[in-house]
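Chain by chain, the residues run as shown.
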Amino acid sequence: MLGLDPELVVHMLNVDLEAKPVAQPARVFHTDIEEQIIKEVKKLLAVGFIRPIQHPRWLSNIVQVKKKNGQIRCCIDFRNLNRVCPKDEFPLPNLNLLIDSAAGNAMISFMDGFSEYNKIRMAPKDMEKTAFKTPRGNFYYTMMHFRLKNAGVTYQRTMTAIHDMMHRELEDFWRQSLRPSPSYSRRDKASSGKRSSKRPFTADYDEPSYGASPNPQKATIGKRPLLLYLATSSYAIGKLIAQEDGSGVEQPVYYISRTLKDAETRYPRAKRACLAIVYASQRLCHYFLAYEVWLITKSHVIKALLWQPILSGKYKAYLTELSTTLEMGVKHLKVIGDSNLVVCQTKGIFSLKEPNLASYRTMTQKMEEKFSTFEIKHTLRSENRYADALAALGLQIAFEGSNTRIEVTSGRSPLLNC
């Protein structure tokens, strides 16, 4: 029996020493299914992947899964065994990044190893723990089964160790091998379409699609900005990332979509659009971190949200307070604000990205110069509750005349005990 050298790699389960072995109760199969199970067992025995065993402590059942061709796939229910095996934290590669790194080549081949991937042996001490029952007796695996916990990690660690070409000529993943070649070109079926116009995707698209479709033939070009298109409906959201090529034609890079769940189906249109942006930034964060992303939309709601004058309202309130303080004849002032952005913009630490705020900052700086001493600093909102309480109290008092004296005292115990 061929396979990788055990000196290089074996798959170990590392079962918790305090775990009790579990022997699952036998399942009953139809006679037709039994014949196919026996046929599969004979095939595995012939190539040496399994061996018979007597008196196993761990024992799992076969679960039959029907294929499209009418035959069955014999899977093993290793759930009890997997629960007592610790997770191996070896980092697995991101499939999207693998496709991106292989993109730009003339050919990408997705190779399926079929049964030939069983080349990693089980550790001798863990072989008998993989025992499973069949109509012809009990057997255990001598080679690593991919239903075992951490099987993908063991495979990935092995491929990383043996491939000198890794990240140069070959990208390998435990479910696929991506082999680029500069000598062949095939039509891409993973693309979201053969659109080559300036607008390959409509922002107010209402027909749903599901899943994720990378375009392995379209590599991102340099540091050109990515174009993000959104599609929302009452039951699904979709996002498309595109990029202009050298001739100025937009090429699709990646498309993702998902159905809306429960309360999401009752979201108003603006909230669905915001959900689509958040979902895109989470699923495609490696694009958002590496590239400048432009949101392309015809939605006036999104534009209104992005240009909502929240900061201008804060500046107006700040100007009003400064003006009132100057009218009272205050010469020395210390301002404590809970908006770090406004504080830093007023002090000149942060730049203004909205041109309409420039006039507000100029006016505040002129007023601040009229005080003999002036200081402004930021504090957390949780630490500014006394000022908030004083401001709320001031709004509830009716002032009469030009001279009104207000005395504020603090008690040592609360007025109400809740």
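Use the structure listed above.
Let me sum up the structure you'll find in this document. (Residues numbered from 1 in each chain as written. Predicted model: local features only at pLDDT ≥ 70, side-chain atom pairs only at ≥ 80, totals over all residues. Heavy atoms only, no water.)

Moving on, we come to the overall build of the protein. For the protein, the count of helices and strands is 11 helices and 15 strands. Taken over 418 residues, the protein has a buried fraction of 35%. Residue pairs at least 24 apart in sequence account for 71% of intrachain contacts in the protein once pairs closer than 6 positions are excluded. Surface summary for the protein: the accessible area is close to 26800 Å², and the carbon and sulfur share equals 54%. (Helix = DSSP H or I, 4+ residues; strand = E, 2+ residues; numbered from the N terminus. Buried < 20%, exposed > 50% of the residue type's maximum accessible area, 1.4 Å probe, protein only. Contact = heavy atoms within 4.5 Å. Areas by Shrake-Rupley, 256 points an atom, 1.4 Å probe, with all protein chains shown as cover.)

Quick look at the pattern of salt bridges now. Under the criterion given, the structure shown has 7 salt bridges. As a salt-bridge pair, R27 and D77 come within 3.3 Å of each other at their nearest N and O atoms. One end of the pair, R27, is in the segment before α1 (31-47); the other, D77, is in the loop between β3 (72-76) and α2 (79-83), and 50 residues separate them in sequence. Among the ionic pairs, R79 bridges to D77, the shortest N-O distance being 2.8 Å. Taking relative accessible area as the criterion, D77 reaches 8% and is therefore assigned buried. Among the ionic contacts, a cluster of salt bridges with common partners joins R27, D77 and R79. (Salt bridge = Lys/Arg side-chain N within 4 Å of Asp/Glu carboxyl O.)

This next bit is on the pairing of strand β14 (residues 332-337). Here β14 shows one buried face, formed by L333, V335 and G337, and one open face, formed by H332, K334 and I336. With 6 bridges joining them, β14 and strand β15 (residues 373-378) adopt parallel strand pairing. Looking across to β15, one finds that G337 is bridged to H378. (Pairing = 2+ DSSP bridges.)

Let us look at the sheet that holds strand β1 (residues 50-52). Spatially, the 3 strands line up as an open sheet ordered β1-β6-β5, and their pairing is antiparallel. Sheet topology places β1 and β5 (132-134) at the edges, where each strand pairs with a single neighbour. The mean angle between the axes of side-by-side strands here comes to 40°, regardless of whether they run parallel or antiparallel. Sheet topology note: the β1/strand β6 (residues 137-141) ladder contains 3 bridges and is antiparallel. For R51, the partnering residue across the bridge sits in β6 and is Y140. Across the sheet, α1 is in contact with β1, β5 and β6; its angle to β1 comes to roughly 105°. (Axes fitted to C-alpha atoms, helices over the stretch in contact; angles between N-to-C directions.)

Our focus in this paragraph is a nonpolar patch on the surface. A cluster of nonpolar residues, L341, I349 and F350, forms a patch on the protein surface that exposes about 260 Å² of accessible area. By secondary structure assignment, the location of I349 is in the loop between α9 (340-347) and α10 (358-368). (Patch = residues over 30% accessible without salt bridge, like charges linked within 9 Å, V, L, I, M, F, W, Y side chains within 5 Å.)

Attention now moves to the environment of A231. Within the secondary structure, A231 is located in strand β10 (residues 226-232). In this structure, the C-alpha to C-alpha distance between A231 and R272, residues 41 residues apart in sequence, is 9.4 Å.

What follows covers the packing of aromatic side chains. Using the criterion set out here, one finds 5 aromatic pairs in the structure. Seen from their ring centres, F132 and F139 are 6.3 Å apart, and the 35° between their planes marks the pair as tilted. The buried category is assigned to F139, whose relative accessible area is 6%. Ring geometry for Y254 versus Y287: centroids 6.4 Å apart, planes at 55°, classification tilted. Note that Y254 is positioned in strand β12 (residues 250-259) and Y287 in helix α6 (residues 285-290), a separation of 33 residues in sequence. For the residue pair Y254 and Y287, the accessibility class agrees, reading buried in each case. Grouping aromatic residues by their ring pairs yields a cluster made of F132, F139 and Y141. (Phe/Tyr/Trp six-rings, centres within 6.5 Å; stacked < 30°, edge-to-face > 60°.)

Judged by nonpolar contacts, the single largest core of 34 residues is most densely connected at L13, I37, I50, I62, L81 and F132. Residues in contact with F132, not counting those within four places in the same chain, are I50, L59, S60, I62, I76, G137, N138, F139, Y140 and Y141. (Core = buried A, V, L, I, M, F, W, Y, C linked by side-chain atoms within 4.5 Å.)

Along the chain, Q365 turns up in helix α10. In the structure, Q365 is positioned 46 residues away from L319 in sequence and 9.8 Å away in space, judged by C-alpha atoms.

Right, let's get into helix α4 (residues 151-162). Taking 1.5 Å as the rise per residue, α4 with 12 residues should run 16 Å; its terminal C-alpha atoms sit 17 Å apart, in good agreement. Within the sequence span of α4, burial applies to A151, G152, V153, T154, Y155, Q156, T158 and M159. (Expected span 1.5 Å × (residues − 1).)

A positive phi angle, close to 70°, is found at N150, a residue other than glycine. Tracing the backbone shows N150 in the loop between β6 and α4. Taking relative accessible area as the criterion, N150 reaches 16% and is therefore assigned buried. The phi angle at D262 is positive, at roughly 45°, despite the residue not being glycine. Positionally, D262 belongs in the loop between β12 and α5 (269-283).

A word on α1. Taking 1.5 Å per residue as the helical rise, α1 with its 17 residues ought to reach 24 Å, and the 25 Å between its terminal C-alpha atoms agrees with that figure. I37, I38, V41 and L44 are the residues of α1 that are buried. What you see down the axis of α1 is that its buried residues fit within an arc of 125°, all on one side. Turned more than 90 degrees away from the buried face of α1, the exposed residues are E35, K39, K42 and A46. Against β1, β2 (62-66), β3, β5 and β6 lie the buried residues of α1. Just downstream of α1 lies G48, where phi reads positive at about 85°. (Arc of directions from axis to C-beta.)

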